[in-house]
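What follows is each chain in one-letter form.
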Amino acid sequence: MSARPRDPMLPRSYRIESVESELPGGEVFSWTLRPRGGELEVGQPGQFNMLYQLGIGEVPISISALGEDGTLIHTIRDVGGVTRNMAALSAGEEIGVRGPFGTAWPVAAAEGHDVLLVAGGIGLAPLRPVIHHVLANRERYRRIFLLYGTRQPADILFRKELERWRGRFDIDVAVTVDRADASWRGDVGVVTRLIERGGFDPRNSIAMVCGPEVMMRFAVMSLERRGVPARQIYLSMERNMQCAVGYCGHCQYGGHFICKDGPVFPYDRLEPLFDVREL
Ligand SMILES: Cc1cc2nc3c(=O)[nH]c(=O)nc-3n(C[C@H](O)[C@H](O)[C@H](O)COP(=O)(O)OP(=O)(O)OC[C@H]3O[C@@H](n4cnc5c(N)ncnc54)[C@H](O)[C@@H]3O)c2cc1C
Ligand code: FES
């Protein structure tokens, strides 16, 4: 007898194994989660889970990493009603998880190409599993570029990992900040400036872009100016979500539901919608 498919609307119980503050003050934190019974539902880079705090609410959060010991890592920014309550939870507490949902970054299609990862702010979290994947399978890819921009040096995420990536010879890492402080010795300016001078081969690159929508808009313009075809640029879109499985319509974006047709889209599918204000 075949097993009954899991109901995608029913959260499974996970335990918060540990909480790591990613920025001073804990505005961004990472949870390491382990299923309480049963196997971890392993998602692909780019997919998201609906995280449910009992009695508070549910939010879509991208997979930020897969732990080696059957754990799942999510990185969350405290911005409002639900995430603020989540920021107060500690290791040992319980959380509901539905998912993984949505489309993934094109890590297979990118094999044999230059890989260009462009992240703004917390947009580095959904791209982090791609970095883990391409570095673990380094021989399958040509050059790899990570271009990362934040508002200020204090907002840089995953600092230790960034340093490790910088220390390798097989990935080019460039970090820029909008506003420098006295400690900053690196680039200043928006992330698009890094695209303009990046040493990638535009026709033979797959670009994956994640960050605030305005940043993605300018990133796409820079990539196209450099000659990267629209079908080789992928974006991860965000909208308010409720069901995450294409029933409720909350995440509608033109003719697409971001929860099931996205969140990762090739730009040539979004192009007609991207310039429509407040869509
Ligand atoms: C597919 C997908 C993946 C996502 N992945 C992540 C992730 O990995 N990590 C993460 O931290 N967030 C992620 N988000 C965003 C996250 O879901 C929202 O920040 C969260 O739902 C906000 O819920 P809230 O109840 O805490 O805030 P609300 O009470 O809903 O919002 C409070 C205020 O914050 C503003 N706000 C809401 N969302 C955002 C946002 N994304 N950025 C800036 N301001 C916002 C609202 O406009 C409002 O003013 C993702 C969203 C989607 C759709
Ligand atoms: S969240 Fe319900 S249709 Fe996408």
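Since this is a predicted model, take the numbers as computed values, not measurements.

### Points about helix α7 (residues 267–274)
Stage number 1. Of the positions making up α7, those classed as buried are Y267, L270, L273 and F274. Down the axis, α7 shows its buried residues gathered within 115° of arc, on one side only.
Stage number 2. Among the structural elements, α5 (213–226), β12 (233–236), β13 (252–253), β14 (256–257) and β15 (264–266) are those in contact with the buried residues of α7.

### So, the domain arrangement of the protein chain
Stage number 1. Looking at the protein chain, the domain boundaries give domain 1 (12–101) and domain 2 (114–274).
Stage number 2. For domain 1 versus domain 2, the separation of C-alpha centres amounts to 22 Å.
Stage number 3. Interface of domain 1 and domain 2: buried area, both sides summed, is about 1600 Å²; carbon and sulfur atoms make up 64% of it.
Stage number 4. If you look at where domain 1 meets domain 2, you find zero salt bridges.
Stage number 5. Between the two partners, domain 1 and domain 2, sit three residue pairs in polar contact (both at pLDDT 80 or more).

### Brief notes about the side chain of T150
Stage number 1. Residue position: T150 is located in strand β8 (residues 144–150).
Stage number 2. When its relative accessible area of 4% is taken as the criterion, T150 is described as buried.
Stage number 3. For T150, the side chain forms a polar contact with the main-chain oxygen of Q152, separated by 3.0 Å.
Stage number 4. Those residues in contact with T150 that lie beyond four places of it in its chain are G121, D155, I156, T176, V177 and D178.

### Observations concerning the layout of surface pockets
Stage number 1. Here the largest pocket defines a volume of roughly 1300 Å³.
Stage number 2. Listing elements by their share of the lining of the largest pocket, those giving two or more residues are β4 (57–66), β5 (72–77), α1 (81–87), α2 (124–136), β8 and α5.
Stage number 3. Class assignment of the residues belonging to the lining of the largest pocket gives a composition of 24 nonpolar, 14 polar and nine charged.
Stage number 4. Looking at which domains feed residues into the lining of the largest pocket, each of domain 1 (12–101) and domain 2 (114–274) gives three or more.
Stage number 5. Along the walls of the second largest pocket sit 16 residues, with E20, E22, R128, F158 and E161 positioned nearest its centre.
Stage number 6. Looking at the lining of the second largest pocket, the elements with two or more residues in it are β1 (12–21), β2 (28–35), α2 and α3 (159–166).
Stage number 7. Looking at the lining of the second largest pocket, the element that brings in the most residues is α3, giving four residues.
Stage number 8. Of the residues that make up the lining of the second largest pocket, three or more belong to each of domain 1 (12–101) and domain 2 (114–274).

### Quick notes on the state of the cysteines
Stage number 1. Tallied over the entire structure, the rule returns zero disulfides.
Stage number 2. Free of any disulfide, C210 has its nearest cysteine sulfur in C251, 16 Å distant.

### Description of the sheet that holds β12
Stage number 1. Strand order in this open sheet of seven strands is β10-β9-β8-β7-β11-β12-β15, and the pairing throughout is mixed. Both edges of this open sheet fall to β10 (187–188) and β15, since each of them pairs with a single strand only.
Stage number 2. Relative to β8, strand β7 (residues 114–120) runs parallel, the two being bridged by six bridges. Bridging across to β8, V115 finds its partner in I144.
Stage number 3. Against the sheet, α3 engages β8 and β9 (172–177), with an angle of about 135° to β9.
Stage number 4. Packing against the sheet, α7 makes contact with β12 and β15, and its axis sits at approximately 90° to β15.

### With respect to the packing of α5 against α7
Stage number 1. Following both chains from N to C, one finds α5 and α7 inclined at 120°, their axes separated by 13 Å at the closest point. For the element pair α5 / α7, the angle class is oblique. Relative to α7, α5 is oriented so that their crossing is left-handed. For the pair formed by α5 and α7, the contact residues are M216, R217, V220 and E224 on the first element and Y267, E271 and F274 on the second.
Stage number 2. Grouping the amino acids of the contact of α5 with α7 by side-chain chemistry returns four nonpolar, no polar and three charged.

### Description of the packing of aromatic side chains
Stage number 1. Within this structure, the stated rule accounts for four aromatic pairs.
Stage number 2. Judged by centre distance (5.5 Å) and plane angle (80°), the rings of Y267 and F274 are edge-to-face.
Stage number 3. The buried category is assigned to Y267, whose relative accessible area is 6%.
Stage number 4. A residue is classified by how much of its surface remains accessible, and F274, at 2% relative accessible area, is buried.
Stage number 5. Positioned above the aromatic ring of F274, the side-chain terminus of R217 is 4.7 Å from the ring centre.
Stage number 6. Positioned above the aromatic ring of F200 is the side chain of R226, whose terminal nitrogen or guanidinium carbon lies 4.3 Å from the ring centre.

Cut-offs and rules
Residues numbered from 1 in each chain as written. Chains lettered and ligands numbered in written order. Predicted model: local features only at pLDDT ≥ 70, side-chain atom pairs only at ≥ 80, totals over all residues. Heavy atoms only, no water. Buried < 20%, exposed > 50% of the residue type's maximum accessible area, 1.4 Å probe, protein only. Helix = DSSP H or I, 4+ residues; strand = E, 2+ residues; numbered from the N terminus. Arc of directions from axis to C-beta. Contact = heavy atoms within 4.5 Å. Domains from an automatic or database assignment. Buried area = accessible area lost by both parts, 1.4 Å probe. Salt bridge = Lys/Arg side-chain N within 4 Å of Asp/Glu carboxyl O. Polar contact = N/O pair within 3.5 Å; in protein donor to acceptor, adjacent residues only side chain to side chain. 1 Å grid on protein atoms, 1.4 Å probe; cavity = no way out; pocket = protein on both sides within 12 Å on 5 of 7 lines; lining within 4 Å. Points joined across faces, edges and corners; volume = space filled by probe spheres on them. Nonpolar A, V, L, I, M, F, W, Y, C, P; charged D, E, K, R; others polar. Disulfide = S-S within 2.5 Å. Pairing = 2+ DSSP bridges. Axes fitted to C-alpha atoms, helices over the stretch in contact; angles between N-to-C directions. Parallel < 35°, antiparallel > 145°, perpendicular 65-115°, else oblique. Left-handed = near helix turned anticlockwise from the far one by under 90°. Phe/Tyr/Trp six-rings, centres within 6.5 Å; stacked < 30°, edge-to-face > 60°. Lys NZ or Arg CZ within 6 Å of the ring centre and 35° of its normal.

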